[in-house]
Amino acid sequence: NARRHRSRVVTALALVFVGACGSSTANRLPDIDALKCGATNGAPAPSPATRAALTRLGAVERAPLRGSVVHSGHGAPGPQSPVDVTGAAGRALVREITAAAQVACRLRTTEDAQRAGYVLSSNFTEGVGTHWTNWGLVDAPFDPIRPSMLLYGPRLGTTQLVGFSYWVRTSSPDGPAGFTGSADHWHRHYGMCFDRAGLLERENLLSAHVCAGTYVNGSDIWMLHAWVVPGAANVWGLFAPLNPQLCRRNVADIARCPGTDGS
C-alpha cells in the first residue's frame, strides 16, 4: 500500500545519505550543520499545475470563519525542548529526518523550486523566510520527503533553501499525524487570500467576500516548519516555529523577531 511504499522510500533515502556521511548511528538525530550535499540529480519531478490545484483547495476551504480569529501565526520564539529519539519511534524519526535532508539537497535554489512545481506564495517573513508552495501537495497525505512548502532566505550572500514547511489538510482537531513521535508541533493560519499566481495578499479575513482572489479559510490546514537543510541548522531546534538566523539584527533583543507572535 501507499504507506508501506513511502516507508521503503524513506528508509532507502536515509541509508544512502547516512552512508555518504560515514555514519551508521541509528538512534541519534543527524547533525544538520555537519551534513554536506553532494552531487545531485536536480530537483524532483513537478506536481500538478499550480492554478488548478489552488482552485481545488479554495473550493473546499471556502466556508467563512465564525467569530474572531484568536490565533494566527507561527508560534513563540526561543529554544524548543530536546527531541526524543529513543526506541523504535526514535529510529523511525531519524530515518525520516535523514531522508528529508537528502531531498533538501535537490532544492537548494528558487530555480530548483520552480522546476519542481513550487511557486512563490508569500513575501519574506521575519524568523521564517520566503514561502514557496507546491499547491498540488497541500491536500496530499503527509510525506517527510515531499514538503508542500519550501522556505528560502539569505544565506552565504545568496538566497538559498533554509527549511521545509509541511501544510497538510486534516479534519482531526489535533492536527496531522506527521513525523514519528510528538516533537512536531503544528500551527494554523486563518482566512488567507491568494492572488491568481498563488501569492498571499492578506490573511485573518473572515470570508471570501473580502478576497478578490482565492480564499482559503485555513481552519483544517495545519503547518509545520522543519529545519532539515544540510549546513543550515536552526539553533532553536529541529521543529522550532521560528529561526533566529532569519530575524533582523538591528534590534536590542535578537532572541525575538519583531512583528511575530513573540514580539
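Because the structure is a prediction, the values reported are computed rather than measured.

J.: Help me understand the sheet that holds strand 3 (residues 149-155) in this model?
T.: As a general point, the strands of a sheet are linked pairwise by backbone hydrogen bonds and lie either parallel or antiparallel. Read across the open sheet, the five strands follow the order 1-2-3-4-8; overall the sheet is antiparallel. Both edges of this open sheet fall to strand 1 (119-125) and strand 8 (221-226), since each of them pairs with a single strand only. Looking at each pair of strands side by side, their axes are set apart by 25° on average, direction ignored.

J.: Is there a simple way to think about empty space enclosed by the protein in this case?
T.: Over the atoms rolls a probe the size of a water molecule, and its path tells where empty space is left. This model, assessed by the stated rule, comprises one cavity of 30 Å³ or more. Taken as a whole, the largest cavity encloses approximately 40 Å³ of empty space. Around the largest cavity, the lining residues are L137, A140, P141, F142, D143, R146, P147, S148, Y166, W167 and V168. Here the element with the most residues in the lining of the largest cavity is strand 4 (residues 158-169); it accounts for three residues.

J.: Please clarify how the nonpolar core should be interpreted in this entry.
T.: In a soluble, globular protein the nonpolar side chains are often hidden away together inside. Ranked by size, the top nonpolar core spans 35 residues in total, and within it L150, F164, Y166 and F179 carry the most contacts. Elements that contribute at least two residues to this core include exactly helix 3 (87-104), strand 3, strand 4 and strand 8. The element that contributes the greatest number of residues to this core is helix 3, accounting for eight residues. Membership of the second largest hydrophobic core comes to 13 residues, among which are L57, W135, F194 and M223.

J.: I'm lost on unusual backbone geometry in this one. Help?
T.: Backbone geometry at N204 places phi at a positive 65°, although glycine is not the residue there. Within the fold, N204 resides in the loop between strand 6 (200-202) and strand 7 (214-216).

J.: For this particular structure, what's the right way to read helix 2 (residues 50-60)?
T.: Owing to its 3.6 residues per turn, the α-helix brings residues three or four apart onto one side. Among all positions in helix 2, only T50, A53, L54, L57 and G58 are buried. Down the axis of helix 2, the sector holding all buried residues measures 135°, keeping them to one side. The elements touched by buried residues of helix 2 are strand 1, helix 5 (135-138), strand 4, strand 5 (192-194), strand 7 and strand 8.

J.: I would appreciate a short explanation of the sheet that holds strand 7 in the present structure.
T.: Spatially, the three strands line up as an open sheet ordered 6-5-7, and their pairing is antiparallel. The open sheet is flanked by strand 6 and strand 7, the only strands paired with a single partner. Shown here is a sheet whose adjacent strand axes are inclined to one another by a mean of 40°, direction ignored. In terms of strand pairing, strand 5 meets strand 6 through two bridges, oriented antiparallel. Bridge assignment links C193 to a residue of strand 6, and that residue is R202. Packing of helix 2 onto the sheet brings it into contact with strand 5 and strand 7, and relative to strand 7 it is tilted by some 50°.

J.: Quick question: what am I supposed to make of the state of the cysteines here?
T.: Among covalent bonds in proteins, the disulfide is the one between the sulfur atoms of two cysteines. According to the stated counting rule, one finds two disulfides in the structure shown. Note on cysteine connectivity: C37 is disulfide-linked to C105, with sulfurs 2.0 Å apart. With the S-S bond torsion at -80°, the cross-link from C37 to C105 turns out left-handed. Residue C37 is found in the loop between helix 1 (2-20) and helix 2, and its partner C105 is found in the loop between helix 3 and helix 4 (110-115); the two are separated by 68 residues along the sequence. Covalent S-S linkage joins C193 and C211, the inter-sulfur distance amounting to 2.1 Å. Measuring the twist about the S-S bond at about 80°, one finds the C193-C211 disulfide to be right-handed. Residue C193 is located in strand 5, and its partner C211 is located in the loop between strand 6 and strand 7; the two are separated by 18 residues in the primary sequence. Both residues of the pair, C193 and C211, belong to the buried class.

J.: In this structure, what is going on with the confidence of the model for the chain? I would like to understand it.
T.: Per-residue pLDDT for the chain has a mean of 83; in total, 78% of the residues score no lower than 70. Taken as a whole, residues 11-16 scores under 50 in pLDDT and shows nine contacts with residues more than four places along the chain or in a different chain. pLDDT under 50 marks residues 18-25. Its contacts with residues more than four places away, or in other chains, come to four contacts.

J.: Hey, could you run me through the environment of G117 in this one?
T.: Note that G117 resides in the loop between helix 4 and strand 1. Given the relative accessible area of 14%, G117 is considered buried. It is 10.0 Å that separates the C-alpha atoms of G117 and S148, two residues lying 31 residues apart in sequence.

J.: Teacher, can you tell me more about the environment of G175 here?
T.: Position of G175 among the secondary structure elements: in the loop between strand 4 and strand 5. According to the relative accessible area criterion, G175 is buried, its value standing at 10%. Taking the C-alpha atoms as reference points, G175 and H187, 12 residues apart in sequence, are found 8.3 Å from one another. Beyond its immediate sequence surroundings of up to four residues, G175 is in contact with T170 and W222.

The rules behind these values
- Residues numbered from 1 in each chain as written.
- Predicted model: local features only at pLDDT ≥ 70, side-chain atom pairs only at ≥ 80, totals over all residues.
- Heavy atoms only, no water.
- Pairing = 2+ DSSP bridges.
- Helix = DSSP H or I, 4+ residues; strand = E, 2+ residues; numbered from the N terminus.
- Axes fitted to C-alpha atoms, helices over the stretch in contact; angles between N-to-C directions.
- 1 Å grid on protein atoms, 1.4 Å probe; cavity = no way out; pocket = protein on both sides within 12 Å on 5 of 7 lines; lining within 4 Å.
- Points joined across faces, edges and corners; volume = space filled by probe spheres on them.
- Core = buried A, V, L, I, M, F, W, Y, C linked by side-chain atoms within 4.5 Å.
- Buried < 20%, exposed > 50% of the residue type's maximum accessible area, 1.4 Å probe, protein only.
- Arc of directions from axis to C-beta.
- Contact = heavy atoms within 4.5 Å.
- Disulfide = S-S within 2.5 Å.
- pLDDT = per-residue confidence, 0-100.

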